[in-house]
Amino acid sequence: MQTEFEMSTRGAGLYEFTRDVARWVAGSGDGVLTLMVRHTSASLLIQENADPDVQVDLKRFFERFVPRGDDPSMSWLTHVAEGPDDMPAHIKASVLPVSLQIPVAGGRMRLGTWQGIYLFEHRDGPHLRRVAAAFQAF
């Protein structure tokens, strides 16, 4: 069974979509769920969903880890035609997961108590993002 989740982002940051995925796998039995973001400038994370400061700190960390292309420390970039946020977004997506596998038991994802599924948007502007999902029953 397969589907696709669509999310409209408002710029760089983490966007939780755990509930949407949970609704889709509900009642599916036992198996494994695979999610894959269909873009080269966004990532997927399983991360804490109880304290929003975690998402703020993650976003800030990655802004420092890979600054925008107009930062003097990034003057070595050659792929600059799509704006100063584009190549840094590709770099972030290359070091963060773009796919996830999650065990499912009795139609429920086996996430921890405080874990949620996030799309991590790396571009500054709004985008429509798509995440492909596949469930394989055992």
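Refer to the structure printed above.
Nothing here was measured: the structure is a model prediction, and the numbers come from that model. (Residues numbered from 1 in each chain as written. Predicted model: local features only at pLDDT ≥ 70, side-chain atom pairs only at ≥ 80, totals over all residues. Heavy atoms only, no water.)

Attention now goes to the pattern of salt bridges. Enumeration according to the criterion identifies 10 salt bridges in this entry. Notably, a salt bridge pairs Arg68 with Asp124, separated by 2.3 Å at the nearest N-O pair. A residue pair is termed long-range when its members are at least 10 positions apart, and Arg68 in the loop between α2 (53-65) and α3 (86-95) and Asp124 in the loop between β7 (115-121) and β8 (127-137) qualify at 56 residues. Given the relative accessible area of 35%, Arg68 is considered partly exposed. Residue classification places Asp124 among the partly exposed residues on the basis of a relative accessible area of 36%. (Salt bridge = Lys/Arg side-chain N within 4 Å of Asp/Glu carboxyl O. Helix = DSSP H or I, 4+ residues; strand = E, 2+ residues; numbered from the N terminus. Buried < 20%, exposed > 50% of the residue type's maximum accessible area, 1.4 Å probe, protein only.)

One finds Phe17, Leu33, Leu35 and Val131 to be the most contacted residues of the largest nonpolar core, which totals 19 residues. Breaking this core down by element, the ones donating at least two residues are β1 (2-9), α1 (18-25), β3 (31-37), β4 (42-48), β5 (99-105), β7 and β8. Counting residues in hydrophobic clusters, the runner-up holds 8 residues, among them Leu45, Leu58, Leu96 and Tyr118. (Core = buried A, V, L, I, M, F, W, Y, C linked by side-chain atoms within 4.5 Å.)

Here the focus is the sheet that holds β7. Strands sit in the order β2-β7-β4 across an open sheet of 3 strands; the sheet is antiparallel. Each end of this open sheet is capped by a strand with a single partner; those strands are β2 (13-16) and β4. Strand-to-strand twist of the sheet, defined as the mean angle between neighbouring strand axes without regard to direction, takes the value 35 degrees. Relative to β7, β2 is paired through 4 bridges, and the arrangement is antiparallel. Across the sheet, Gly13 pairs through a bridge with Glu121, a residue of β7. (Pairing = 2+ DSSP bridges. Axes fitted to C-alpha atoms, helices over the stretch in contact; angles between N-to-C directions.)

So yeah, pure geometry; function would need other evidence.
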